[in-house]
Amino acid sequence: MIERVLVAMDGSDLSERALRYALNGHPDAEITVLTVVGGASPMMGQAAGIALSDDGEDGVREAAAPVFERAREIAAEYDATVETAVEAGRPARQIIDRAEEFDVVVLGTHSGSLAERLFVGNVAKTVFQRSPVPVTVVR
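Keep in mind it's a predicted model, so treat the numbers as computed, not measured. (Residues numbered from 1 in each chain as written. Predicted model: local features only at pLDDT ≥ 70, side-chain atom pairs only at ≥ 80, totals over all residues. Heavy atoms only, no water.)

Thoughts on the packing of aromatic side chains
Going through the model one piece at a time under the given rule, you end up with zero aromatic pairs. Taking the ring centre of F102 as reference, the NZ or CZ of R4 above it sits at 4.4 Å. (Phe/Tyr/Trp six-rings, centres within 6.5 Å; stacked < 30°, edge-to-face > 60°. Lys NZ or Arg CZ within 6 Å of the ring centre and 35° of its normal.)

A short note on the nonpolar core
The nonpolar side chains of a soluble globular protein tend to be buried with one another. Core analysis: the largest hydrophobic core is formed by 20 residues, its most contacted members being V5, V7, L19, I31 and V82. Put simply, the parts of the chain that give this core at least two residues each are β1 (4–8), α1 (13–25), β2 (30–37), α3 (56–77) and β4 (104–108). Ranked by residue count, the leading element in this core is α3, at six residues. Beyond its immediate sequence surroundings of up to four residues, L19 is in contact with V7, M9, I31, V33, A71, I74 and V82. Counting residues in each nonpolar core, the second largest holds 16 residues, with A8, L34, V105 and V127 among its members. (Core = buried A, V, L, I, M, F, W, Y, C linked by side-chain atoms within 4.5 Å. Buried < 20%, exposed > 50% of the residue type's maximum accessible area, 1.4 Å probe, protein only. Helix = DSSP H or I, 4+ residues; strand = E, 2+ residues; numbered from the N terminus. Contact = heavy atoms within 4.5 Å.)

Some details on the sheet that holds strand β5 (residues 135–138)
Note: strands within a sheet are paired through backbone hydrogen bonds, in either parallel or antiparallel orientation. Pairing is parallel in the open sheet, where five strands are placed in the order β3-β2-β1-β4-β5. Each edge of the open sheet carries a strand with a single partner, namely β3 (83–88) and β5. Neighbour-to-neighbour, the strand axes of the sheet open up by a mean angle of 25 degrees, direction not taken into account. Bridging between β2 and β3 involves six bridges; their strand directions are parallel. Across the sheet, residue V37 finds its bridge partner in β3, namely A88. Docked against the sheet, α1 engages β1, β2, β4 and β5, running at close to 145 degrees with respect to β4. This element, helix α4 (residues 91–99), spans β1, β2, β3 and β4 of the sheet and lies at about 150 degrees to β2. (Pairing = 2+ DSSP bridges. Axes fitted to C-alpha atoms, helices over the stretch in contact; angles between N-to-C directions.)

In structure tokens form, the structure reads like this:
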């Protein structure tokens, strides 16, 4: 039985679909929404901004806030609540590192613009290949 679900969200429509899938498919499970900020981007914008801020931890939490707000809105539609977690760094690595604490990982097939996907790489593919627990990829 699936008791703990990790849902990776980045604010994209597909990550919202992943959360909806988890809420619908695992209504009795504890769902944790993980967002990873400060990772590589085509111009290193988010990573550089957080690194140069006076308090990197506050910058990470601030960057994650809109994703968590949306996750809570979606969960409320299902009369559910979600836990939240934020990490800084490379998305695939952070998701994989947290995965062993859960029964399954749920994430969208891709996110962002084509340029971001080409630069950052395919997070879903990497997580699927390296996760220590089963992975559900939602499209």
